[in-house]
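# Fold and geometry: a report
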Amino acid sequence: MHTGTGANPRMEAGSKDWRMVPIGISMWAGMLLAHGCFGSWTTGEPAFTAPQAWLILVCLGLLVLLVLVLSRCEERGLPGRCWSFCSSLVRGLRPSLLLMLLTILLGALASLSTDLMQSRDPAMVHASQGGASIQARLRLTSPVTASSMRQALCQADGSLESITREGRQVTSHSPVRLLLTDQRACSTLLAGSHIQLSGQLRLAPVGRLPLWLTGQDGHIEVLAQAPWIKRVVHASWRSFFQVTDRLSDQGRVLVPGLTVGLLGQDYLGQPATADSEGSKDAGKPIKGLTESAGLWERQPVNQTYASMLTTHFRQAGIMHLMAVSGGHFALLASLIRRLCARLLLPRQLVALAVTASYCALALMVYPSDSVLRALVMGLIGACGMWRGRPSQLVSSLAWTSMGVLLVNPAMSRSYGFALSVAAVLGIGTMARPIARGLSAHLPKVLAEMMAMTLSAQAFTLPIQVLMQPQLPLLSLPANMLVAPFVDFSTLTGLAALLLATWNQTLAYALAWLSSAGTLVMERTAQSLGSQTSFLIPWAGGAGGALLMLLLEIAIMASFHIVHLLWQQGRRRAGEAAGLGQPHRLTMMARLRFWWSDTRRIFGHWSRPGPGRQTQEEGKEP
Amino acid sequence: MKSAGKLEEAEDQSFPGLNRGNDALTHKAGSHGHGLDLGSMVGVRPGDGRPQALLNARRHTPRLALRPIHALIAILVLVAALCASLTLLVQQSLNYAALDSHTAASASRAGKKERAGRQDQQTASGKQGQADVGQAGGQRAGEPSKEGNPAGQEDRQAGEDPSGSQSTQSADARIDLNTATVDQLTTIKGVGPVMASRIVQYRQRIGRFTSVDQLLEVDGIGAKTLDKLRPQTRV
C-alpha cells in the first residue's frame, strides 16, 4: 500500500511518526500571526516589523519544503519523469498541506478569541485607563517568592475573580502578577489561596502576564485557605529549605533550583521570631529585599553572589539547569519503569505508577511552562504505555503543544514553553543520527552526550537569540562537563526533598551529596561563563533569530551535501550503498596506530652507528 | 545421483543465490576479476540476499505524509479542542454580560429610589413648612412626618420590589443586605429601626454592599456590633 507520495512505505519507520510536527508548527505560526494582527488593530501600529514578517514567512516556507523533501522517493533514482514524481508527491501530501492550512486558521481563531476577551476584560479596561485603587478578589496560582522588583517584598501569580471599582463589583478572569509589601502576607499566603485585597492595577511593562496588581498596605483578607495538598507541599518546602540552608552558598542557591525549580535566594520562608531583631519591623511595609534582610527566619543568601552565579550560568549556556525540565520527569519515569520491571508488574500498573509519580512531581516543584509541557507529554506517554503502544516522542510532543496552545493561546508567546518544546523536538529528531555519526569517532557515551547537546542547542538557539542577543560558544563544553552530574544531583535533591519532613539528618546528607554535584556546575559556570571573550554578540530580535536559523540551515545543508557526495563516492567505488555498516577504524584507533608508527620510525632513526647496527642485524633471523 | 540432484534442488530453493552465486563466482572471476556480491549468498528466505530486501530492512525515513482519513481524524480532534476552549470563553462573556446588567439594574433602581425619596422629602418638607406657618408647634408636627417618610419610602420599595422580600431569606436563613427592607433588617438581633434605616440609606448611597465588613461605614455600627451582625447577614 503506497502513501501516494512516491516514497516506498516499506522504508518509512513507524517509530519516527513526525506527521503532526508540521501541523503543530503551523498552528503556532497562525497564533503568532493572529496576535500580531490583533495588536496592530488595537494599537494602530504595524503588525510586524520587516524581520518578524520575514522570519514567519521563512519558517512556513521551510516547513513546506521540509515536508516535500523528506518525503522524497527513497528508491534508487527517480521514477520515469520528474514531473510525474512531483505531481504524485503533491497529490500524496495534499492532506498534510490542507491540514496545515486548517490549523493555521484554527490557531488564528483561538488566539483572536482569547485576545478579544482579554481586551474586554474589566480589569484590563480599568488598568489601561489608569484607574484609581480597586478592591480585587483573586486566586493565587503560584507560590509566593521574593520579588524581583524593588517596590515589593514578594510576588506571586494569580487569576482575578472580580474587581470592585467605584462601589461596583464586576467579574474578571484576567491573569495578574501580585506584588506585596506586607511581610505577614508574604509568609502566610500559599498557592491556591483565595484572597481579597485593595491595590493599584496597571498594565505589565514586562513579562508574559498582562497585569500587575500592587497590594496596598492594610487588610488582606483570606477568603479561602489553600487546598490541603498545597499546604502539605508548602510544609515540605519549608523543611527542605531548612536543610539546604545548612549547605554552602552554592548549595543554598543551586540545590533547590535543581530540585524544585526555585533558587535559594527567591524563597522567603517564615518571618523572624519575636526574640529576633527583625520582629520589630514586622508590621511595617518593607520595600526591597535589602531592607528586609532581618525580617525572615532564614539567613538570606548573598545577593551579589547569587546574581553573579546566575549571570555565569546564563553566559555558559547552562541556565536550563536552574529550572525543572522534562529531564526530571524522564529520570523519574526511568526509575519507576526499572523498578516495575524488576517486580515484573504488568504494563497497566507501570502506567499508573508513572502517572502518579508525574502528578506528584508536578505538585512538588515550582509550576512553570516547561513543567506543564513535561507533565502533559508524560501523561500522553503513560496512556500509550497503558495501551501497549510504543513511545513516540515527537508525535506526543506535537499533540501536547497543540493541546496546550488551543486551551491557552497565550502560551504561544511564552519563551519557557517554546524553549522546552524546541529542545525536545531537536533531541527527538536529530540526537540519534548525530550520535550514530559521532560514535564512529568517539566513545559511545561521549557521542551521545554531545549529540543531545548539539541537537537541543540547534533548535533552541534562534529562540535564545530572541531573548538575549549573544551566542555562548562555550555552551557545548559546559554542557558536556556538567552532564554526568545533573542526574545524580537531581535524584539526591529529590530524595532530600521527600525525606526533609521526617528525617532532617538523612535529608541533609542527601542534600550535601547533591551540592557536591552542583559544585561542579558552579565551577564550570564560573570558569567558562566568566570568559566574556567567548560570547559572540549577535543581532537581536526577529532579525537575529532569522539570521541564526538561516545559518543553521546552511550548516546542516553543507553537512548533508558532504554526506551525499561521500555516499556517491562509495557507490562509484563499488560498495553497495546503504547496505550494512561500513567497518572502519575509529579516530582513536587511527591515533593509536599513528603514535606507534611514529615511535617506531623515530626509534629507528635514533639507533646508534654501524657497529651496533651490525649487532642488530646479527640478531635478526 | 538422484539424491544429489534433490539436494541441489533443495539448496536452490532455500539458497537461491547459492548455485547462481557459484556460477556467478565462476563467471565474474573469469570475466572481470572483481569481488562477489556476498549479499546474494546469505540469508534464509529466497529474497533475503537481494539488495532490495536489505534496503527495506533499513527503514529510516520518518513518516510525514498523512492519509486522508488520518487528516480527517486530526481535524475533528483539533476542532473539538477548539470548541471546548471557545465554550469557556463564551461562558465567561455571558457571565460578564449578566453580572454587568444585574449591577446596572441595581444601580438604576437604587438611583430611582433615591430620587423618589428626595422628591417625597421635598414634598413632605413643603407640607411641613405650610403647617409650620399655620401652627406654633411646627417642629413637633414635622417629626412624626419625618419619621414617617423613611417608612413610607421603604413601603414603596417593598411594593416596587416584591421579589426582594422573597429573595432575602435564602436557604441559609441569613439576611441579604442588598435586598432587605427596613422591616426585615429590624428582625436582626441588635438592629433597631433607626439602624436599619441607616443601613438602607448607606446602601442607596453606594449602590450595593460587596462585603459585610462595609457595615462598619454605617453610623452606629462598630467592630463589636459587626461581629454580632456577621453571622446573621450576607451579601
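Cut-offs used in this document
- Residues numbered from 1 in each chain as written.
- Chains lettered and ligands numbered in written order.
- Predicted model: local features only at pLDDT ≥ 70, side-chain atom pairs only at ≥ 80, totals over all residues.
- Helix = DSSP H or I, 4+ residues; strand = E, 2+ residues; numbered from the N terminus.
- Buried ≥ 20, exposed ≤ 12 C-beta atoms within 10 Å, placed from the backbone.
- Contact = placed C-beta atoms within 7 Å.
- Domains from an automatic or database assignment.
- Core = buried A, V, L, I, M, F, W, Y, C linked by C-beta atoms within 7 Å.
- Axes fitted to C-alpha atoms, helices over the stretch in contact; angles between N-to-C directions.
- Parallel < 35°, antiparallel > 145°, perpendicular 65-115°, else oblique.
- Nonpolar A, V, L, I, M, F, W, Y, C, P; charged D, E, K, R; others polar.
- Pairing = 2+ DSSP bridges.
- Expected span 1.5 Å × (residues − 1).
- Left-handed = near helix turned anticlockwise from the far one by under 90°.

This part is about the overall build of chain B. For chain B, the count of helices and strands is nine helices and three strands. Along chain B, helices (α) and strands (β) appear in the sequence α-α-α-β-α-α-α-β-α-α-α-β when read from the amino end. Counting every position in chain B, which comprises 235 residues, the buried fraction comes to 16%. Across chain B, every contact between residues at least 6 apart in sequence was considered, and the portion connecting residues at least 24 apart equals 42%.

All right, on to the domain arrangement of chain A then. Once the domains are mapped, chain A shows domain 1 (13–71 + 89–120), domain 2 (123–226) and domain 3 (325–413). Between domain 2 of chain A and domain 3 of chain A, the C-alpha centre-to-centre distance is 32 Å.

Among the nonpolar cores identified, the biggest contains 145 residues, and Cys154, Ile318 and Ala496 of chain A are the most heavily contacted of them. At 11 residues, helix H13 (residues 415–438) of chain A tops the list of elements feeding residues into this core. Within the second largest apolar cluster, 15 residues are counted, among which are Val182, Leu185, Val191 and Val200 of chain B.

This brings us to the environment of leucine 331 of chain A. Here leucine 331 of chain A shows up in helix H9 (residues 326–342). Those residues in contact with leucine 331 of chain A, other than ones at most four positions away along the chain, are Asp487, Thr490 and Leu491 of chain A.

Next up on the list: the packing of helix H7 (residues 249–260) of chain A against helix H16 (residues 504–529) of chain A. Residue and element names in this part refer to chain A. Orientation of H7 relative to H16, taken along the N-to-C sense of each, is 100°, at an axis distance of 9 Å. Taken together, the axis directions place H7 and H16 in an arrangement best described as roughly perpendicular. Facing Gln250, Gly251, Leu254, Val255 and Leu258 of H7, the residues of H16 in contact are Ala511, Ser514, Ser515, Thr518, Leu519, Met521 and Glu522. Of the residues in the contact of H7 with H16, the class split is six nonpolar, five polar and one charged.

Bringing the pairing of strand S7 (residues 194–203) of chain A into the picture now. Residues and elements named next belong to chain A. Sheet topology places strand S2 (residues 134–140) next to S7; six bridges connect them, and they run antiparallel. In the sheet register, isoleucine 134 faces S7, and the bridge partner there is glycine 199. Pairing geometry for S7 and strand S9 (residues 221–224), over three bridges, is antiparallel. Residue pairing across strands places glutamine 196 opposite glutamate 221, the latter belonging to S9. Sheet analysis places S7 next to strand S8 (residues 211–215), joined by five bridges and oriented antiparallel. From the neighbouring strand, arginine 202 faces S8, where its bridge partner is tryptophan 212.

Moving on: H7 of chain A. Residues and elements named next belong to chain A. In this model H7 runs 17 Å from its N-terminal to its C-terminal C-alpha over 12 residues, within 8% of the 16 Å that 1.5 Å per residue would give. Within H7, 11 of the 12 residues are buried, which leaves the element mostly enclosed by the surrounding structure. For H7, the complete set of buried residues consists of Gln250, Gly251, Arg252, Val253, Leu254, Val255, Pro256, Gly257, Leu258, Thr259 and Val260. Immediately beyond the C-terminal end of H7, within one or two residues, lies glycine 261, with a positive phi of roughly 85°.

Let's shift gears to the packing of H13 of chain A against helix H14 (residues 444–467) of chain A. All names here are of chain A. Relative orientation of the contacting elements H13 and H14 amounts to 145°, with a least axis distance of 6 Å. Seen along the crossing, H13 lies across H14 with a hand that is right-handed. Looking at side-chain class alone, the contact of H13 with H14 contains 22 nonpolar, three polar and one charged residues.

Turning to unusual backbone geometry, a few remarks are in order. A negative phi angle is the norm for most residues apart from glycine, just as the trans form is the norm for most peptide bonds. All names here are of chain A. Of note in this structure, leucine 344 is not a glycine but carries a positive phi near 55°. In this fold, leucine 344 is placed in the loop between H9 and helix H10 (347–364). Using a count of 6 C-beta atoms within 10 Å as the deciding quantity, one classes leucine 344 as exposed.

Residues and elements named next belong to chain A. In this structure, serine 596 sits in helix H18 (residues 587–605). On the basis of neighbour count, serine 596 is assigned to the exposed category, with 10 C-beta atoms found within 10 Å. Expressed as a C-alpha distance, the spacing of serine 596 and alanine 108, which sit 488 residues apart in the sequence, is 65 Å.

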